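The lines below spell out each chain.
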Amino acid sequence: MLKINNISKTFNTGTINEKVAVKNLSLHMSEGEFATIIGSNGAGKSTLFNAIAGSFIVDEGSVFLGGEDVTFYPDYKRSKEIGRLFQDPLKGTAPNMTIEENLALAYLRAGKGFSPFSRISKSDREFFAHHLELLGMGLEERMNQPVGLLSGGQRQALTLLMATIVPPKILLLDEHTAALDPKTAEKVLELTEDIVSRNNITCLMITHNMTQALSLGNRTLMMNEGNIVFDVSGEERKNMSINDLLIKFREGAGQDLDNDRILLS
């Protein structure tokens with residue numbers, strides 16, 4: 001489903017601010033695979049997501065999505081095949097538009113065969129209501145209310161639904177529960193697992209929480225200095241403790257663990 005072959009990206013080349021963000025990184029993921037990603041700040045996690053999403057063109061290497069070479073496709077050409085959530089619940093929705101209007105935009109943008117001037121039918125509205133009901137937040141009764149009236153957790157759940165209402169080839173989750181309170185974060189994670197599993201979506205999720213890194217999905221990746229330094233799945237991952245992962249983190253980073261967000265998690 002996703003094949004990344006030896007990509008590299010350097011920003012501000014030739015200046016005092018030159019930064020090698022990703023270097024000779026390769027990653028292959030099968031359809032329906034769900035991998036969590038950990039790493040210190042600046043390890044290249046979000047840069048990897050930007051390379052997949054087409055936020056920039058890589059300096060070297062190639063990116064294939066669903067067997068198609070998208071290396072030189074800009075972000076708008078990849079957007080129909082990629083769902084993405086950010087840490088900030090305010091991103092991904094239009095606050096002055098209603099829940100129904102936000103869902104309609106996402107549905108028409110990602111749907112195959114729709115034109116920008118397509119109209120939402122009664123059956124489409126019933127389809128939206130059904131999927132909102134699955135969130136278990138009562139949003140199906142509030143479809144005509146502006147999204148700006150929703151709580152952070154409700155907005156993030158809605159954004160998750162918008163990103164997956166037409167199942168994408170890959171879903172990128174960039175710490176999408178980090179800004180939520182623990183109870184709401186747990187609810188959104190449950191929804192994430194359910195939607196990804198039900199639709200067999202290939203998924204990558206950045207997290208600083210070591211428990212999440214081992215308990216969610218079926219694969220854990222560790223990044224440092226723009227590359228993947230540890231990749232674990234199967235029985236080895238199943239039998240791994242958080243302490244084992246912390247030791248691997250120290251080894252992979254080549255230094256003592258001093259990331260407060262990871263320690264507190």
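Scroll up for the structure.
In this convention, every chain numbers its residues from 1, walking through the sequence in written order. Selection of residues for local features in this predicted model requires a pLDDT of at least 70, selection of side-chain atom pairs for listing and counting requires 80 or more, and totals for whole chains, interfaces and linings are taken over all residues. Calculation of side-chain values draws on the structure's entire complement of heavy atoms; hydrogens and water are dropped beforehand.

J.: Could you give an account of unusual backbone geometry, naming the residues involved and the relevant values?
T.: Look at asparagine 6: it is not a glycine, yet its phi comes out positive at around 50°. With respect to the secondary-structure elements, asparagine 6 resides in strand E1 (residues 2-11). Only protein chains enter the area calculation, which uses a 1.4 Å probe; residues under 20% of their type maximum are buried, those over 50% are exposed, and those in between are partly exposed. Asparagine 6 sits in the partly exposed class, given a relative accessible area of 45%. Phi angles above zero are rare outside glycine, and asparagine 200 is one such case at about 50°. Working definition: helices are DSSP H or I runs of at least four residues, strands are E runs of at least two. Numbering for both runs from the N terminus. You can see asparagine 200 is positioned in the loop between helix H6 (182-199) and strand E8 (202-206). Here asparagine 200 falls in the partly exposed class, since its relative accessible area comes to 41%.

J.: For the side chain of serine 8, give the residues involved together with the corresponding values.
T.: Relative to the elements of secondary structure, serine 8 occurs in strand E1. A contact between two residues is defined here by any heavy atoms of the two lying within 4.5 Å. In this view, serine 8 contacts Val22, Lys23, Asn24, Val58, Asp59 and Glu60; residues no more than four positions away in its chain are not counted.

J.: Let's hear about the sheet that holds strand E2 (residues 19-29): which residues, and what values?
T.: Spatial strand order, E2-E1-E4-E5: four strands in an open sheet with antiparallel pairing. Each edge of the sheet is formed by a strand with only one pairing partner; in this case those strands are E2 and strand E5 (68-69). Only the contacting stretch of a helix is used when fitting its axis, a line to C-alpha atoms as for every element, and angles between N-to-C directions run 0 to 180 degrees. Contacts between helix H1 (residues 45-53) and the sheet are confined to E1, E2 and strand E4 (60-65), with E1 contributing the most and set at about 115° to the helix. Two strands form a pair only when DSSP identifies at least two bridges running between them.

J.: Can you lay out the environment of serine 46 for me, pointing to particular residues and giving the numbers?
T.: By the element assignment, serine 46 lies in helix H1. We classify serine 46 as partly exposed; its relative accessible area is 33%. Between the C-alpha atom of serine 46 and that of serine 8, which follows or precedes it by 38 residues, the distance is 14 Å. For serine 46, the contacting residues outside a window of four places in its chain are Arg84, Asp174 and Ile206.

J.: Before we move on, could you go through the packing of aromatic side chains and cite the residues and values that matter?
T.: In this scheme Phe, Tyr and Trp rings, the latter by its six-membered ring, pair at centre separations within 6.5 Å, and the angle between planes marks the pair as stacked below 30 degrees, edge-to-face above 60, and tilted otherwise. Counted under the stated rule, the structure contains four aromatic pairs. With a centroid separation of 5.4 Å and 90° between ring planes, the pair formed by phenylalanine 11 and phenylalanine 56 is classed as edge-to-face. With phenylalanine 11 in strand E1 and phenylalanine 56 in the loop between H1 and E4, this residue pair connects regions lying 45 residues apart in the sequence. For phenylalanine 56, a relative accessible area of 13% translates into the label buried. The interplanar angle of 40° and the centroid separation of 5.5 Å between the aromatic rings of tyrosine 107 and phenylalanine 127 together place this pair among those described as tilted. Within this pair, whereas tyrosine 107 is found in helix H3 (residues 99-110), its partner phenylalanine 127 is found in helix H4 (residues 122-135), the two being separated by 20 residues in sequence. Overall, phenylalanine 127 belongs to the partly exposed group, its relative accessible area being 27%. Members of the aromatic cluster, each reached through a chain of ring pairs, are Tyr107, Phe127 and Phe128. In this structure, lysine 77 packs its charged tip against the face of tyrosine 73, placed 4.5 Å from the ring centre. Any Lys NZ or Arg CZ found within 6 Å of a ring centre and within 35 degrees of that ring's normal is scored as a charge over the ring. Positioned over the ring face of phenylalanine 86 is lysine 91, at 5.0 Å from the centre of the ring.

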